[in-house]
Amino acid sequence: MGEAALGAFCWIELGTTDLASARSFYTKLFGWTPQESPEYTVFLSGGQPAAGGYLLRPDQRAEGVPPHWLLYVRVSDADVIAARAGQLGARILAPVFDAMGQGRMAVIKDPAGAVFAIWQPLAHPGFSAKGAGAFCWADLSTPDQTRAGAFFGELLDWKLWFAPNDPAGYAHISIGGHPIGGMLPPSARTPNTPPHWLIWIAVADCDATVAAAAAAGARICAGAQTMEKVGRFAVLADPQGACFGVITPASRA
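Fair warning: this is a prediction, and the values are worked out from it, not measured in the lab.

Looking at this structure, how should I read the sheet that holds strand β6 (residues 91-98)?
A sheet is described by the order of its strands in space; here 8 strands give the open sequence β2-β3-β4-β1-β5-β8-β7-β6, paired in mixed fashion. The two strands at the open ends of the sheet, each matched to only one other strand, are β2 (33-36) and β6. Mean inter-strand twist for the sheet, computed between neighbouring axes without regard to direction, equals 25 degrees. Bridge count between β2 and strand β3 (residues 41-45): 4 bridges; the pairing is antiparallel. If you follow Pro 34 over to β3, its bridge partner there is Phe 43.

Help me understand the packing of aromatic side chains in this model?
Any two aromatic rings considered together are summarised by their centre-to-centre distance and by the angle between their planes. For the structure on display, the rule yields 21 aromatic pairs. With a centroid separation of 4.9 Å and an interplanar angle of 85 degrees, the aromatic rings of Phe 25 and Tyr 26 are classed as edge-to-face. Taking relative accessible area as the criterion, Tyr 26 reaches 1% and is therefore assigned buried. Ring geometry for Phe 30 against Trp 32: centres 5.0 Å apart, planes inclined by 45 degrees, an arrangement best described as tilted. The buried category is assigned to Phe 30, whose relative accessible area is 11%. Members of the aromatic cluster, joined through ring pairs, are Phe 9, Phe 116, Phe 127, Phe 135, Phe 151, Phe 152, Trp 158 and Trp 197.

Just checking my understanding: could you explain the packing of helix α1 (residues 19-30) against helix α5 (residues 206-215) for this structure?
Any two packed helices are characterised by the angle at which their axes cross and by the distance between the axes. Here α1 crosses α5 at 155 degrees, and the two axes come no closer than 10 Å. Here α1 is positioned roughly antiparallel relative to α5, judged by the angle of their axes. Once α1 is placed against α5, the crossing between them reads as right-handed. Together, Phe 25, Leu 29 and Phe 30 of α1 and Thr 209, Ala 212 and Ala 213 of α5 make up the contact between the two elements. Counted by class, the contact of α1 with α5 contains 5 nonpolar, 1 polar and no charged residues.

Could you clarify how one ought to interpret helix α4 (residues 145-156) in this entry?
An α-helix turns once per 3.6 residues; consequently, residues spaced three or four apart project the same way. With 12 residues, α4 ought to run about 16 Å at 1.5 Å a step, and its terminal C-alpha atoms sit 15 Å apart, in line with that. Every buried residue belonging to α4 is among Gln 145, Ala 148, Gly 149, Phe 151, Phe 152, Leu 155 and Leu 156, and all of these are buried. Burial along α4 is one-sided: seen end-on, the buried residues are contained in an arc of 165 degrees. A positive backbone phi angle near 65 degrees is found at Asp 157, which sits one or two residues after α4.

I'm lost on the environment of Gly 126 in this one. Help?
Mapped onto the fold, Gly 126 is located in the loop between β8 (115-121) and β9 (135-141). Classification of Gly 126 as buried rests on a relative accessible area of 4%. Sequence separation of Gly 126 and Ala 51 is 75 residues, and the distance between their C-alpha atoms is 8.4 Å. Setting aside residues no more than four positions away along its own chain, Gly 126 makes contact with Cys 10, Trp 11 and Pro 49.

Looking at this structure, I do not really get the pairing of β6. What am I missing?
Side-chain direction in a regular strand flips from residue to residue, so the side chains alternate between the two faces of the sheet. Relative to strand β7 (residues 103-109), β6 is paired through 5 bridges, and the arrangement is antiparallel. Bridge pairing in β7 links Phe 97 to Met 105. Joining the antiparallel neighbours β6 and β7 is a turn of 4 residues, in which Met 100 adopts a positive phi near 50 degrees.

What is the right way to look at the pattern of salt bridges in this model?
Opposite charge on two side chains permits them to pair, given that their charged atoms come into close proximity. In the structure shown here, the tally under the stated rule is 6 salt bridges. For Asp 59, the salt bridge is made with Arg 57, and the minimal N-O distance between the two is 2.9 Å. On the basis of relative accessibility, which here comes to 35%, the residue Asp 59 falls in the partly exposed class.

I'm lost on the side chain of Ser 45 in this one. Help?
Positionally, Ser 45 belongs in strand β3. Sequence-distant contacts of Ser 45, that is, excluding residues within four places in its chain, are made with Trp 32, Ala 50, Ala 129, Ala 132, Gly 133 and Ala 134.

Can you walk me through the environment of Gly 101 in this structure?
Secondary-structure assignment places Gly 101 in the loop between β6 and β7. A relative accessible area of 35% places Gly 101 in the partly exposed class. In sequence terms Gly 101 and Arg 57 are 44 residues apart; their C-alpha atoms lie 20 Å from each other.

Quick notes on the rules
Residues numbered from 1 in each chain as written. Predicted model: local features only at pLDDT ≥ 70, side-chain atom pairs only at ≥ 80, totals over all residues. Heavy atoms only, no water. Pairing = 2+ DSSP bridges. Helix = DSSP H or I, 4+ residues; strand = E, 2+ residues; numbered from the N terminus. Axes fitted to C-alpha atoms, helices over the stretch in contact; angles between N-to-C directions. Phe/Tyr/Trp six-rings, centres within 6.5 Å; stacked < 30°, edge-to-face > 60°. Buried < 20%, exposed > 50% of the residue type's maximum accessible area, 1.4 Å probe, protein only. Parallel < 35°, antiparallel > 145°, perpendicular 65-115°, else oblique. Left-handed = near helix turned anticlockwise from the far one by under 90°. Contact = heavy atoms within 4.5 Å. Nonpolar A, V, L, I, M, F, W, Y, C, P; charged D, E, K, R; others polar. Expected span 1.5 Å × (residues − 1). Arc of directions from axis to C-beta. Salt bridge = Lys/Arg side-chain N within 4 Å of Asp/Glu carboxyl O.

Next comes the structure, spelled out in structure tokens:
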């Protein structure tokens, strides 16, 4: 499996209040295999790295950080990108540091308030899992697509494009002509919801996954629905409260 392109998503990471329960939940839901260490879990899908997970630190809990999924973007030089993000109006929540020799990273809050991480690979290139049980897309919920597009365009060379027959105004994000995610139109945002990224995991059967998640204690934030040429999808919150989406792409829906 090749590495993600520069500026593309390369890893997803769960911060949770109960790592043992989260390991059990996601293992059953997606068929992931956890590789456990005292402080970090790597989830495998089909034998390939799919995601990571860790227990939220006491200082994070004290600051009110909720269980969440964090989205990583691959960069060539984390120090340069973090500095540039600050110049563009972002807040650096965690300055660049060496993650145990696996890579150099920083956690950043964009000017509107959505949090993401940057990753300069060293020993760990990121996820390589594909198909059912793997990350496949990410959506940014932000109050100002234009502002977000300008920020990420300057920082990561993202390009936005809009489908000509989509009156809703969903913005597609691309790198080198390849789509990697999107930005929701303001009309699709839930009022008073802070800006955030939503990760999407591909599944073979959306309805069966939703039912299994509910039986395991998950909350159904948006029930299964179908969008033509996109697929059948739903938004869930795991038993600790971390939100994520599941989708059976149109080719398999």
